[in-house]
Amino acid sequence: MHLGVSESMRECEYSQISTRNSTPMETPYKKRTPKRRKWESFPGRNKFYCNGRLMMAKQTGVFYLTLVLILVTCGLFFTFDCPFLALELTPVIPVIGGVLFMFVLGTLLRTSFSDPGVLPRATPDEAADLEKQIDVANGSTGYRPPPRTKEVVINGQTVKLKYCFTCKIFRPPRASHCSLCDNCVERFDHHCPWVGNCVGRRNYRFFYMFILSLSFLTIFIFSFVITHIILRSHRSGFLKALKDSPASVLEVVVCFFSVWSIVGLSGFHTYLISSNQTTNEDIKGSWSSKRGKDNYNPYSHGNIFTNCCAALCGPLPPSLIDRRGFIQSGMPQLAPPTNGITMYGATQSQQSHMAAATPLLQQQSSDPVILTASTENGGPLPGRTSLNLGGPCTSLPLGQPTPPTSTPSLSCHEASDMLPIHGHSHAHNHGHTLQEPMAHHHFLTPEEVPSPPGMLPCGSPMGHSHTMQAGFYNPASQDSLHEDSVRGLVKLSSV
Amino acid sequence: MATEFHNLQELRHSASLANKVFIQRDYSEGTTCRFQTKFPSELESRIERKLFEDTVKTLNNYYTEAEKIGGQSYLEGCLACSTAYLIFLCMETRYEKVLKKISKYIQEQNEKIFAPRGLLITDPIERGMRVIEISIYEDRGSSGSSSGSSSVSGSTAR
């Protein structure tokens, strides 16, 4: 009997799976909205160009400054110094300069425009599932859930995984939430304003190649401009040489200041790569032996060579956010950030176990509560989620991120100011800047969860879903998604 | 069929829906992609433990293969670097190739093993590699099917 049921089940399933476009359920929802791409309703604070192919952080002013500095300095070098040098010394000089310049530009653009490894936010289902597990584990009835962390042992070291309130996921190890871009980024290194993007798993190697090649370029230009001036001085005196080639002065000044910072930064990142650490970890001193005798880096492969190869030549994972995919109309949107209390559909009483893998799970509380996550519209809501928050919610995106996301943007400059950098000395300088944001951060976790009555105003704009007891979103919405996944259609973006 | 879909949809709204189970990532070996093989209790009545574990283990092996750091990946990395990554306009990275294999595998598993038992696996890449989402469809006596693909078991409630 059971077999008979499953037979028919299978047939029904197959026929439903294979009929993709002709499902009557889909049509009422399709006719409203034109096809939009997913980047248009991306919940983070990123800017997209070329129809989703390129992505950058919101503030790109400093990136343009970087670009201008590089272009102007190199332009002046090629126009004013190279002719002289090519004639006097060798034409190889402009060639090498040209190659270096192209390499620098290429790696800069690649770093700036690629997805650093953004983790997509949790779907409402996942978020609800996690919330349940956490509530169950804590046994709390309510209003002040303790800070959410999970501990995992990696290679003998205990690592704490934190729960991200904005993205509603437990962050993987080494991931961090960037407050500027409002995204969780895998293997988060730092947010670099000079490249106008976060530096994370997917673009770290380009960032490193950028600063390394820029160091070489800066030293190259600096030394050859000095050579140029010296050679001219031999002929016609120092002052006349300067007058003949005024651009050289500008180049020398720019290069002089750049050399200290860029070369220092390259040295610092070389150290980080060889020990397989991120800027974030180094600044926090996560794996420093000062924390304890047994404290070591569990991610290191053991030797410098393997660490370097893994960081620079390892496999490049594809982007997890499908920027150029089309939003299926009626598709469930991501769960908006909440204050840590999420509410659920009331039909939960029957569910006894959710074993989805965390060790935290036991009994599920059957308190009926109202659903806050979900929307029925296609595009607009996720874009609004960051805006439509009431009082208690607005503290979230700001308070939430871990301190190093703010300090490393300084580290781009500061670490490099201290020459020669070997990664440890600046840790002290950053030490005290960490205290406050750190305290603020810990402070916020229990604090950011207000009592439900206070929360309702926040929940209500999104609360229309509480009328739907049983579902988060239209069933039809998931059709194509499931069909796609069943059919094995994977949309990947290459950048 | 069309009427059946409509009926299912109506049923879906009024009655309790199917459930979703999420298999989370296993970070005990670092940041490489692995999923926990622990058997969720909701699937106990639906599928044999061994089948489930085999599926997850195979997926884990695929991901390990994709992220393996070895001769081939170095070669690919160096080649890519020397061509200023333009080579990826013509060729796929190894990771992408393995992801395609994974999609095919998941589709196969769905067709052969999971769908007959009223379950459907969603490819983890669609969930940002955070979870393996397994949708559980209810055994409905009247309609005979839990909605097959179209429903989505939106709710966690059951």
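Residues numbered from 1 in each chain as written. Chains lettered and ligands numbered in written order. Predicted model: local features only at pLDDT ≥ 70, side-chain atom pairs only at ≥ 80, totals over all residues. Heavy atoms only, no water.

### Details of the overall build of chain B
- A tally of regular secondary structure across chain B gives four helices and three strands.
- Burial analysis of chain B (158 residues in total) assigns 60% to the buried set.
- Just so you have it, chain B exposes about 6200 Å², and 55% of that area is on carbon and sulfur atoms. (Helix = DSSP H or I, 4+ residues; strand = E, 2+ residues; numbered from the N terminus. Buried < 20%, exposed > 50% of the residue type's maximum accessible area, 1.4 Å probe, protein only. Areas by Shrake-Rupley, 256 points an atom, 1.4 Å probe, with all protein chains shown as cover.)

### Details of the environment of isoleucine 211 of chain A
- The topology assignment puts isoleucine 211 of chain A in helix H6 (residues 204-236).
- Other than its neighbours up to four places away in sequence, isoleucine 211 of chain A contacts Ile262, Leu265, Ser266 and His269 of chain A. (Contact = heavy atoms within 4.5 Å.)

### A look at the UniProt feature "transmembrane region" (unreviewed entry) in chain A
Residue and element names in this part refer to chain A.
- Per the UniProt record, "transmembrane region" (unreviewed entry) is found at residues 62-80, 92-109, 206-230 and 250-274.
- Overall, residues 62-80 shows 100% helix and 0% strand. The separation of its end C-alpha atoms is 27 Å.
- End C-alpha to end C-alpha, residues 92-109 measures 26 Å, and it is 100% helix and 0% strand. (UniProt positions renumbered as here; feature names shortened; annotations may be inferred.)

### With respect to the pairing of strand S1 (residues 46-49) of chain A
Residue and element names in this part refer to chain A.
- Side chains Asn46 and Phe48 of S1 all project onto a buried face; the interleaved residues Lys47 and Tyr49 project onto a face where none is buried.
- Across four bridges, the pairing between S1 and strand S2 (residues 54-57) is antiparallel. From the neighbouring strand, tyrosine 49 faces S2, where its bridge partner is leucine 54.
- The turn joining S1 and S2, which pair antiparallel and follow one another in sequence, is formed by four residues; a positive phi near 55° is taken by cysteine 50. (Pairing = 2+ DSSP bridges.)

### Regarding the sheet that holds strand S1 (residues 19-24) of chain B
Residues and elements named next belong to chain B.
- Overall, antiparallel pairing links the three strands, which are arranged S1-S3-S2 in an open sheet. Two strands in the sheet have a free side with no partner beyond their single neighbour: S1 and strand S2 (119-122). Strand-to-strand, the axes of this sheet are offset by a mean angle of 20°, without reference to chain direction. (Axes fitted to C-alpha atoms, helices over the stretch in contact; angles between N-to-C directions.)

### Re the confidence of the model for chain A
Residue and element names in this part refer to chain A.
- The share of residues in chain A with pLDDT of 70 or more is 57%, and the mean pLDDT across the chain is 70.
- Predicted confidence for residues 1-24 stays below pLDDT 50, and this span has 51 contacts to residues more than four positions away or in other chains.
- For residues 488-495, every residue scores under 50 in pLDDT, and the model assigns this stretch 31 contacts once sequence neighbours within four places are set aside. (pLDDT = per-residue confidence, 0-100.)

### Focus on empty space enclosed by the protein
- Throughout the structure, instances matching the rule amount to 12 cavities of 30 Å³ or more.
- Its boundaries defined by the atoms lining it, the second largest cavity holds a volume of some 100 Å³.
- Contributing to the lining of the second largest cavity are 16 residues, with Glu186, Arg201 and Leu320 of chain A together with Arg25 and Met129 of chain B lying nearest its centre.
- In terms of residue class, the lining of the second largest cavity is made up of nine nonpolar, two polar and five charged. (1 Å grid on protein atoms, 1.4 Å probe; cavity = no way out; pocket = protein on both sides within 12 Å on 5 of 7 lines; lining within 4 Å. Points joined across faces, edges and corners; volume = space filled by probe spheres on them. Nonpolar A, V, L, I, M, F, W, Y, C, P; charged D, E, K, R; others polar.)

### Thoughts on the pattern of salt bridges
- Applying the stated criterion across every chain yields a total of 19 salt bridges over all chains.
- The residue glutamate 40 of chain A makes a salt bridge to arginine 36 of chain A at a minimum N-O spacing of 3.8 Å.
- Classification of glutamate 40 of chain A as partly exposed rests on a relative accessible area of 37%.
- For the salt bridge of glutamate 126 of chain A with arginine 130 of chain B, the shortest nitrogen-to-oxygen distance reads 2.8 Å. Of this pair, glutamate 126 of chain A sits in helix H5 (residues 124-138) while arginine 130 of chain B sits in the loop between S2 and strand S3 (131-136), each in a different chain.
- On the accessibility criterion, arginine 130 of chain B (9% relative accessible area) is buried.
- Counted as one network, the salt bridges with shared partners bring together Asp125 of chain A together with Lys20, Arg127 and Glu133 of chain B. (Salt bridge = Lys/Arg side-chain N within 4 Å of Asp/Glu carboxyl O.)

### A word on the packing of helix H3 (residues 61-88) of chain A against helix H4 (residues 92-113) of chain A
All names here are of chain A.
- Following both chains from N to C, one finds H3 and H4 inclined at 170°, their axes separated by 10 Å at the closest point. Our classification of the angle between H3 and H4 gives roughly antiparallel. Residues Phe63, Thr66, Leu67, Ile70, Leu71, Cys74, Phe77, Phe78, Cys82, Leu85 and Ala86 of H3 form the contact with H4, whose participating residues are Ile93, Pro94, Gly97, Gly98, Phe101, Val104, Leu105, Leu108, Leu109, Ser112 and Phe113. (Parallel < 35°, antiparallel > 145°, perpendicular 65-115°, else oblique.)

### Considerations on helix H10 (residues 304-313) of chain A
- Residues of H10 of chain A that are buried: Asn307, Cys309, Ala310, Ala311 and Cys313 of chain A.
- Buried residues belonging to H10 of chain A abut H6 and helix H8 (246-274) of chain A together with helix H3 (71-82) of chain B.
- Between a side-chain oxygen at the N-terminus of H10 of chain A and the backbone nitrogen of phenylalanine 305 of chain A the separation is 3.1 Å; the capping residue is asparagine 303 of chain A. (Polar contact = N/O pair within 3.5 Å; in protein donor to acceptor, adjacent residues only side chain to side chain.)

### Regarding the nonpolar core
- One finds Ile70, Phe77, Phe207, Phe210 and Ile221 of chain A to be the most contacted residues of the largest nonpolar core, which totals 39 residues.
- When residues in this core are grouped by element, the largest group, 12 residues, is from H6 of chain A.
- Not counting chain neighbours up to four residues away, the residues in contact with isoleucine 221 of chain A comprise Thr73, Cys74, Phe77, Glu251 and Cys255 of chain A.
- Within the second largest apolar cluster, 37 residues are counted, among which are Ala122 of chain A together with Phe39, Leu59 and Leu99 of chain B. (Core = buried A, V, L, I, M, F, W, Y, C linked by side-chain atoms within 4.5 Å.)

### Considering the confidence of the model for chain B
All names here are of chain B.
- Taken residue by residue, chain B gives an average pLDDT of 77. The fraction at 70 or more is 77%.
- When pLDDT is averaged over each helix and strand of chain B, the minimum, 37, is found for helix H1 (residues 2-14) and the maximum, 92, for helix H2 (residues 49-66).
- Counted against residues more than four places away or in other chains, residues 1-16, with its pLDDT under 50, gives 32 contacts.
- Under a pLDDT of 50 for its full length, residues 142-158 has, in the predicted model, 86 contacts with residues more than four places off or in other chains.
- This prediction of the complex comes with two scores: 0.67 for pTM and 0.78 for ipTM.

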